[in-house]
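Residues per chain, in single letters:
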Amino acid sequence: QVQLVESGGGLVQAGGSLRLSCAASGPAFSSYFMGWFRQAPGKDREFVGGVSGSGGSTYYADSVKGRFTISRDNAKNTVYLQMNSLKPEDTAVYYCARPMAQHMLFMTTRSIRYWGQGTQVTVSS
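What this report covers is the structure whose coordinates are included nearby. These figures come from a predicted structure and were not determined experimentally.

## Examining empty space enclosed by the protein
Step number 1: Counted by the stated rule, this structure contains one cavity of 30 Å³ or more.
Step number 2: Computed from the structure, the largest cavity encloses a volume of approximately 30 Å³.
Step number 3: Lining the largest cavity we find Val 2, Ala 24, Ser 25, Gly 26, Pro 27, Phe 29, Asn 77 and Arg 98.
Step number 4: Of the residues assigned to the lining of the largest cavity, the class counts are four nonpolar, three polar and one charged.

## Section: the packing of aromatic side chains
Step number 1: For the coordinates displayed, the defined rule picks out six aromatic pairs.
Step number 2: With centroids separated by 5.4 Å and ring planes inclined at 85°, the aromatic side chains of Phe 47 and Phe 106 adopt a geometry described as edge-to-face. Here Phe 47 is found in strand 5 (residues 46-51), whereas its partner Phe 106 is found in the loop between strand 9 (92-99) and strand 10 (112-115), with 59 residues between them in sequence.
Step number 3: Measuring from ring centre to ring centre gives 5.3 Å for Tyr 59 and Phe 106, while their planes differ by 80°; the resulting arrangement is edge-to-face.

## Considerations on unusual backbone geometry
Step number 1: The backbone phi angle of Asn 77 is positive, close to 50°, even though this residue is not glycine.
Step number 2: Judged by its relative accessible area of 22%, Asn 77 is partly exposed.
Step number 3: Of note, the phi angle at Ser 85 is positive, near 50°, even though the residue is not glycine.
Step number 4: For Ser 85, the location among the structural elements is in the loop between strand 8 (78-83) and strand 9.
Step number 5: We classify Ser 85 as partly exposed; its relative accessible area is 40%.

## Remarks on the nonpolar core
Step number 1: Among the nonpolar cores identified, the biggest contains 27 residues, and Leu 4, Trp 36, Phe 68, Val 79, Leu 81, Met 83 and Tyr 94 are the most heavily contacted of them.
Step number 2: Secondary structure elements with two or more residues in this core: strand 3 (18-25), strand 4 (34-39), strand 5, strand 7 (68-73), strand 8, strand 9 and strand 11 (119-124).
Step number 3: Ranked by the residues each element gives to this core, the list is headed by strand 3, at four residues.
Step number 4: Other than its neighbours up to four places away in sequence, Leu 4 contacts Cys 22, Ala 23, Ala 24, Met 34, Cys 96, Ala 97, Arg 98, Tyr 114, Trp 115, Gly 116 and Gln 117.
Step number 5: Judged by nonpolar contacts, the second largest core, of seven residues, contains Phe 47, Ala 97, Met 107 and Ile 112.

## Focus on the sheet that holds strand 1 (residues 3-7)
Step number 1: Strand order in the open sheet formed by four strands is 1-3-8-7, and the pairing between neighbours is antiparallel. Only two strands of the sheet have a single neighbouring strand rather than two, namely strand 1 and strand 7. On average, adjacent strands in this sheet sit at an angle of 15° to one another, irrespective of strand direction.
Step number 2: Bridge analysis of strand 3 against strand 8 gives six bridges, and the strand direction is antiparallel. Along strand 8, the bridge assignment pairs Ser 21 with Tyr 80.

What counts, and at which threshold
- Each chain has its residues counted from 1, following the order in which its sequence is written.
- Per-residue local features of the predicted model are confined to residues with pLDDT of at least 70, and side-chain atom pairs are confined, for both listing and counting, to 80 or more; whole-chain, interface and lining totals are unaffected and use all residues.
- Only hydrogens and water are removed before side-chain values are computed, so all heavy atoms of the structure are retained for them.
- The pocket and cavity definitions rest on a 1 Å grid over protein atoms only: a 1.4 Å probe that fits but cannot leave marks a cavity, an open set with protein on both sides within 12 Å along at least five of seven lines marks a pocket, and residues lining either have an atom within 4 Å of a point.
- Grid points are joined across faces, edges and corners, and a volume is the space filled by probe spheres set on the points.
- Three categories are distinguished: nonpolar for Ala, Val, Leu, Ile, Met, Phe, Trp, Tyr, Cys and Pro, charged for Asp, Glu, Lys and Arg, and polar for the others, with Gly belonging to the last.
- Geometry of aromatic contacts follows a simple scheme: Phe, Tyr and Trp rings, the Trp one being its six-membered ring, pair when their centres are within 6.5 Å, and the pair is stacked under 30 degrees between planes, edge-to-face over 60, tilted otherwise.
- Only DSSP runs of H or I reaching four residues or more are called helices, and only runs of E reaching two or more are called strands; each is numbered from the N terminus.
- Accessibility here uses a 1.4 Å probe with only protein chains present; expressed as a share of the type maximum, an area under 20% marks a residue as buried, one over 50% as exposed, and anything in between as partly exposed.
- Side-chain atoms within 4.5 Å are what join buried Ala, Val, Leu, Ile, Met, Phe, Trp, Tyr and Cys residues into a set we call a nonpolar core.
- Note on contacts: a residue pair is in contact if any heavy atoms of the two residues lie within 4.5 Å.
- Each pair of strands is called paired provided DSSP finds at least two bridges between the two strands.
- Each axis is a line fitted through C-alpha atoms, taken for helices only over the stretch in contact, and angles between the N-to-C directions span 0 to 180 degrees.

Rendered as structure tokens:
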């Protein structure tokens, strides 16, 4: 069974940075692409970006491109989301996710098999 546990959320001022971590348990971590989603109050959950199994390929939503970076450490079974130049509109609960298919860089909520519990990120203006 796969479990995903996020950490690193918090309150930060606009322009600041945060790094989220997602620790995964279960088999075949490095075989699966991994993704990050976020959900703001009253809005649908949206895809932030994904990373390939090796970490060599990434994909980002236009809203975060150039500001966020996804990486992974397969030795630690951990995926990271480095968030820089944060804006108030980045305020949301951030979720780590593993898709049903192994090699899926662009993800939708329907393509996800495992979700983390989420971590709150609040950006003040």
